[in-house]
Amino acid sequence: MKFFSQNKMEQEDVLDEMKKFNSEDSNWRDGKTWSLVYNAGEEHSKFLKEAYGMYFSENALNPTAFKSLKKFEHEVVRMSAEIFNGGEHAVGTMSSGGTESVLLAVKTYRDMAKSKRFLALRKFKPEMIVPESVHVAFNKAAHYFDVKMVVAPLDNTFRVDVEAVKKLINKNTILIVGSAPNYPFGTVDPIEELGKLAMSKNIPLHVDACLGGFLLPFVAKNGHNIPLFDFRIPGVTSISADVHKYAYAAKGASVILYRNMDYLKYQFFIDEDWPGGVFVSPALLGTRPGGAIAAAWAALKVQGEEGLREKAKIVMKVRDQIQDGIKEMPELRVNGTPEAGIFSFVSTDKDINIYAVADYLEEKGWHTDRQQKPASLHVMITTAHEHVAESYIADLKKSIAEIKKNPERNKTGNAAMYGMMAKVPVRKLIKNELMKVMKEMYSVSGETPTLDNSGRDDLATKIAKKILN
Ligand SMILES: Cc1ncc(COP(=O)(O)O)c(C=O)c1O
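In this convention, every chain numbers its residues from 1, walking through the sequence in written order. Confidence filtering applies because this is a predicted model: local features only for residues at pLDDT of at least 70, side-chain atom pairs given and counted only at 80 or more, and all residues used for totals across whole chains, interfaces and linings. Water and hydrogen atoms were dropped before computing side-chain values, which therefore reflect all heavy atoms in the structure.

Engineer: Could you give an account of the packing of helix 3 (residues 67-83) against helix 10 (residues 290-327), naming the residues involved and the relevant values?
Structural biologist: Lines fitted to the C-alpha atoms define the axes, with helices restricted to the stretch that makes contact. Angles between their N-to-C directions range from 0 to 180 degrees. Elements are defined by DSSP. Helices are runs of H or I of four residues or more, strands are runs of E of two residues or more, and each kind is numbered from the N terminus. Where helix 3 meets helix 10, the closest approach of the two axes is 9 Å, and the angle between their N-to-C directions is 45°. Between helix 3 and helix 10, the angle is such that the two are oblique. Crossing of helix 3 over helix 10 shows left-handed handedness. For the pair helix 3 and helix 10, contact is made by Leu69, Phe72, Glu73, Glu75, Val76 and Met79 and by Gly290, Ile293, Ala294, Ala296, Trp297, Leu300 and Lys301, respectively. These descriptions rest on fixed angle ranges, namely under 35 degrees for roughly parallel, over 145 for roughly antiparallel, 65 to 115 for roughly perpendicular, and the rest for oblique. Crossings are classed by handedness, with left-handed meaning an anticlockwise turn of the near helix from the far one by less than a right angle and right-handed meaning a clockwise turn. Working rule for contacts: check all heavy atoms of both residues, and any pair within 4.5 Å makes them a contact.

Printed below as a string of structure tokens:
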């Protein structure tokens, strides 16, 4: 099969083909997905597309050529510094997303530590201490930048155990990380205590607020009890927060903020000898899409504190509706007491496999993320869920009734796969199989995952099949 046709195609035909592919994807427009898309409605999307489109071709690689993009980036950073109480010294850059912000933070602290250790003429192997629930982007950063990731356990509230963190500190520790909140459980780590510990040991503390950075402050302003997690805590040296999540911006926009320039300077890359000219770069990417930066600025301006508070209110209302619904089902239980609209739930009934619940929900058109450790389903509420909370709870209830009526559902389909995958004792086996699947997916034949499922779920199914067959 030839992919690149010799002849031109009509634009209309290309777009028609794309529409067809798109119609087979997960149905986020009707609030049927619980992750991946932060949707604030048609009108907001239309506005964002206009803002993005205006800067569709501009490149923030060179801020002197596109001064307006530099202004947008500067103002997005300033607005974020205000939201996170960074005062007049907090500085930062935009990045393409949470993962880039996390990578940048780890690289920055590694380089900072190296420069200081170098001065002291000490050889060392950098280590960072992260909660077990930290986002996998830190694992990636550890891998890319050769920093050892030391994992601290959680306490029974699904927040990091600060005493355990303390015990893990050694002379190679370059960084401590806490999340506000973490992805798997939606709980906010005890940042205040971590801050005290970090200060007492003179170690930087990064707060990963990629997920909740533009939600928690507005939930707090609406009167809910949210623990401090920002620069008001003296030990916090940096914060990452994604504008493309709960600030409902276009994809490709995050912020990485530092307490002051003493940290940020280690993020910059400068090559004064490159034949192509003296080169400076503030973040990981070379070409930086102007559209994403412009749309982030536009999203923050158009919503302001008022808009984000309104949206936070909806999120919390839906959160209460869904959690109240779950409470009425003795077979299910929410993990811990998460602060805002992100949480996960497990089965408390040995006759209900939570993955069978996910299978049922999927049959009803819900795209549900399945988690491991513990086996649970993930929920991430946005304003798009305001009108689906009731039908989601109704389907959850029906799933329990259906599984009780047909217990074989616990042992068939994806439920069986996930259940058995969790029990594969040699985890390396799974890693090896995943590598094979990745090679297959990115090979010349490029076997693509089926479109009715996320890549992740589909991968799990494929691996399970391979291991179990
Ligand atoms: C807590 C947290 N940190 C970092 C990330 C990475 O963000 P991105 O997917 O934009 O790279 C996520 C993504 O969900 C997250 O939840």
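Engineer: Mind laying out the side chain of Thr108, listing which residues take part and the relevant values?
Structural biologist: Among the secondary structure elements, Thr108 is positioned in helix 4 (residues 98-119). Only protein chains enter the calculation, and the probe is 1.4 Å; a residue is then buried if its accessible area is under 20% of its type maximum, exposed if over 50%, and partly exposed in between. Judged by its relative accessible area of 0%, Thr108 is buried.

Engineer: Account for empty space enclosed by the protein, with residues named and values stated.
Structural biologist: Computed over the protein atoms alone on a 1 Å grid, cavities are sets of points where a 1.4 Å probe fits but cannot get out and pockets are open sets with protein on both sides within 12 Å along at least five of seven lines; a residue lines them when it has an atom within 4 Å of a point. Grid points are joined across faces, edges and corners, and a volume is the space filled by probe spheres set on the points. Per the stated rule, a full pass over the model turns up 2 cavities of 30 Å³ or more. Its volume calculated, the largest cavity comes out at about 80 Å³. Around the largest cavity, the lining residues are Met94, Ser95, Ser96, Glu100, Gly252, Ala253, Leu285, Arg288, Pro289, Ala292 and Ile293. Elements with a contribution of two residues or more to the lining of the largest cavity: strand 1 (91-95) and helix 10. Gly counts as polar in this scheme, as do all residues outside two lists: the nonpolar Ala, Val, Leu, Ile, Met, Phe, Trp, Tyr, Cys and Pro, and the charged Asp, Glu, Lys and Arg. Looking at the lining of the largest cavity residue by residue, the class counts come to 6 nonpolar, 3 polar and 2 charged. Roughly 30 Å³ of volume is contained in the second largest cavity. Phe214, Leu215, Phe218, Tyr246, Tyr248, Leu308, Lys311, Ala312 and Val315 are the residues that line the second largest cavity. Ranked by the residues each element gives to the lining of the second largest cavity, the list is headed by helix 10, at 4 residues. Looking at the lining of the second largest cavity, its residues break down into 8 nonpolar, no polar and 1 charged. An automatic or database domain assignment is the source of the domain bounds shown. Each of two domains, domain 1 (52-300) and domain 2 (306-415), supplies a minimum of three residues to the lining of the second largest cavity.

Engineer: Run through the layout of surface pockets, naming residues and quoting values.
Structural biologist: The space that makes up the second largest pocket amounts to roughly 600 Å³. Forming the boundary of the second largest pocket are 19 residues, of which Trp28, Val37, Ser45, Lys49 and Lys251 lie nearest the centre. Of the residues that constitute the lining of the second largest pocket, the class distribution is 10 nonpolar, 5 polar and 4 charged.

Engineer: Before we move on, can you summarise the pairing of strand 11 (residues 342-347) with the specific residues and values?
Structural biologist: Each regular strand displays side chains that alternate between the two surfaces of the sheet. Burial runs high along strand 11: 5 of the 6 residues are buried. Two elements, strand 10 (residues 332-334) and strand 11, share 3 bridges in a ladder whose sense is antiparallel. The residue of strand 11 that forms the bridge with Val334 is Phe345. Note on pairing: two strands pair once DSSP finds at least 2 bridges between them. Examined bridge by bridge, strand 11 and strand 13 (residues 376-380) share 4 bridges and lie antiparallel to one another. Directly across from Ile342, in strand 13, lies its bridge partner Met380.

Engineer: Summarise the sheet that holds strand 3 (residues 148-152); cite the residues concerned and give the values.
Structural biologist: Spatial ordering of the open sheet is given by 1-7-6-5-4-2-3, a layout of 7 strands whose pairing is mixed. In the strand order of this sheet, the two ends are held by strand 1 and strand 3, each with one partner. Strand-to-strand twist in this sheet, taken as the mean axis angle between neighbours without regard to direction, amounts to 20°. Pairing of strand 2 (residues 127-131) with strand 3 involves 5 bridges; the strand directions are parallel. By the bridge assignment for strand 3, Val130 is matched with Val151. Contacting strand 2, strand 3, strand 4 (173-179) and strand 5 (205-208), helix 5 (residues 137-145) runs over the sheet at an angle of about 150° to strand 3.

Engineer: Can you break down the packing of aromatic side chains residue by residue, with the values?
Structural biologist: Working definition: a ring pair exists when centres of Phe, Tyr or Trp rings (six-membered ring for Trp) sit within 6.5 Å. Plane angles under 30 degrees give stacked, over 60 give edge-to-face, the rest tilted. Using the criterion set out here, one finds 16 aromatic pairs in the structure. Cluster of aromatic residues (ring-pair linked, three or more members): Trp34, Trp366 and Tyr392. Lysine and arginine charges are scored as sitting over a ring when NZ or CZ, respectively, is within 6 Å of the ring centre and within 35 degrees of the ring normal. One Lys or Arg, Lys32, reaches over the ring of Trp366 and ends 4.1 Å from the middle of that ring.

Engineer: Quick rundown of the domain arrangement of the protein? Include the residues and the values.
Structural biologist: What the domain assignment lists for the protein is domain 1 (52-300), domain 2 (306-415) and domain 3 (422-468). When each unit is reduced to the centre of its C-alpha atoms, the spacing between domain 1 and domain 2 is 30 Å. Between domain 1 and domain 2, the residue contacts involve 25 residues of the former and 26 residues of the latter. The term buried area denotes the loss of accessible surface (1.4 Å probe radius) that occurs when two parts are joined, taken as the sum for both partners. Summing both partners gives a buried area of about 2,100 Å² for domain 1 against domain 2, and 64% of it is carried by carbon and sulfur.

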